[in-house]
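Single-letter residue listing:
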Amino acid sequence: METMLTEKTELHWMVRLNRINRIASYLMLFAILGAHMQTRIPSYSLYAWGLLALQFIVYPHLAYWRACLAPNPRQAELNNLSFDSLFFGIWAAALGFPLWITFTMFISTTINHALYRDPWAMLHSAAAIASGVLLTAIVSGLHFSPATGWPATILCIIGLTLYLVIVANVAYTRNHLLHRTRKQLQFDEQALQKQLQEIHALQQQLSDQANRDGLTGLYNRRYLDSTLERELARCQREGQPLSLILIDLDHFKQINDSYGHPAGDEVLRQLSAMLSQQARSADVACRFGGEEFLLLLPQMPLPAACERAEQWRANFAAAAIIFEQTRIQGTLSAGIASYPEHGSTPQALIHSADRALYRAKTEGRNRVAVFHAEAPP
């Protein structure tokens, strides 16, 4: 049986706590009832004393083992409380309802029910006591002898005092356990919240790494493909314009050849920073590939897009990029296409912007061109 107990992962706190309380209170009741039975005339038989020892010395251990071995220890212990009340009713009736003893057993078992269940459980305990009284009446009838001798009375007062101390200890233990559990839950909740924030930050970081270009920090082609399709569908649904500006650095190969690739990378970063700083919050700036950049401008009509592209062209041409004490001057060309004038699909708009950029290049670079359907490819 001991092996079976050790195999249990965790015993319900009610069973553990009530084991000590039941053993202590039953030993006290054994002394109280023994003192009462010792003073009665005629004296009680050895059979009655044997039942007294069995009930108040052996039974508490049997109740504990029963609860430990039960599939549901908590429910088994609640059933033990009902048996306590039933047995107390039997003993009270069998002894003739001695006043102090009957009161002590009644108040202790009903309070136990309220302590471990709820206040309404006191009625359940009273019903169990009444069942014990009724069972005794059926078997041997009822007699009343309410007088309680001084030894039993004094022991009842001591027992009730100790019982109140036990109840206070149980209440304190439960409150302490509840407080500790709440603290642990708060700590776990805070730790979980911190983990969720870290996971969210990591997810955001991974998303940025997946959607942004490592050199410039702008969005990459992958992000552009999904965003352009979504924004175009929204503008079509709401009847709003949408413009694309495709930008290419002029003579970028010459910059790499003259100043080195690190200098070319710095030129790309400077242009990317300018585009990011001067774009609206709704705009999407992407590195389209190599030295090409694409600006997605939702709800921006063609004239405004032309003005914006010309402003970027002029600002970049006027800016000087300093790299390792070397002054680099660069220019850009831009091609513009707008919905609905130049296409109604992402592919069509990008193709139109690319054709406009090609025209800007062939016409001398450092300029902005708008797509025209009649222009040669």
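Residues numbered from 1 in each chain as written. Predicted model: local features only at pLDDT ≥ 70, side-chain atom pairs only at ≥ 80, totals over all residues. Heavy atoms only, no water.

Engineer: Give a description of the packing of aromatic side chains that names residues and reports values.
Structural biologist: For any pair of aromatic rings, the description consists of the separation of the ring centres together with the inter-plane angle of the planes. In this structure the tally under the stated criterion is 10 aromatic pairs. Here the aromatic rings of Y26 and F88 are separated by 5.7 Å at their centres, their planes lie at 35 degrees, and the arrangement is tilted. Here the residue Y26 occupies a position in helix α2 (residues 13-38), and F88 occupies one in helix α4 (residues 73-94), the gap between them amounting to 62 residues. For the pair formed by Y26 and F88, the shared burial category is buried. With centroids separated by 5.3 Å and ring planes inclined at 85 degrees, the aromatic side chains of Y59 and F87 adopt a geometry described as edge-to-face. With a gap of 28 residues between them, Y59 in helix α3 (residues 46-69) and F87 in helix α4 connect regions that are remote in the sequence. Using a relative accessible area of 13% as the deciding quantity, one classes Y59 as buried. R212 extends its terminal NZ or CZ atom over the ring of Y219, reaching a point 4.0 Å from the ring centre. (Phe/Tyr/Trp six-rings, centres within 6.5 Å; stacked < 30°, edge-to-face > 60°. Helix = DSSP H or I, 4+ residues; strand = E, 2+ residues; numbered from the N terminus. Buried < 20%, exposed > 50% of the residue type's maximum accessible area, 1.4 Å probe, protein only. Lys NZ or Arg CZ within 6 Å of the ring centre and 35° of its normal.)

Engineer: Lay out the pairing of strand β2 (residues 284-289) with the relevant residues and their values.
Structural biologist: Every other side chain in a regular strand lies on the same face of the sheet, so the side chains alternate between the two faces. Most of β2 sits inside the fold, with 5 of its 6 residues counted as buried. Sheet topology note: the β2/strand β3 (residues 292-298) ladder contains 5 bridges and is antiparallel. Bridge assignment links G289 to a residue of β3, and that residue is E292. (Pairing = 2+ DSSP bridges.)

Engineer: Just give me the short version of the pattern of salt bridges, but keep the residues and values in it.
Structural biologist: Oppositely charged side chains can form a pair if their charged atoms are brought close together. Counted under the stated rule, the structure contains 14 salt bridges. The partner of R308 in a salt bridge is D283, with the nearest N and O atoms 3.4 Å apart. Highlighted residues: R308 in helix α11 (residues 302-318) and D283 in the loop between α10 (261-278) and β2, separated in sequence by 25 residues. Here R308 falls in the buried class, since its relative accessible area comes to 16%. Through salt bridges with shared partners, one network takes in R22, E77 and D84. (Salt bridge = Lys/Arg side-chain N within 4 Å of Asp/Glu carboxyl O.)

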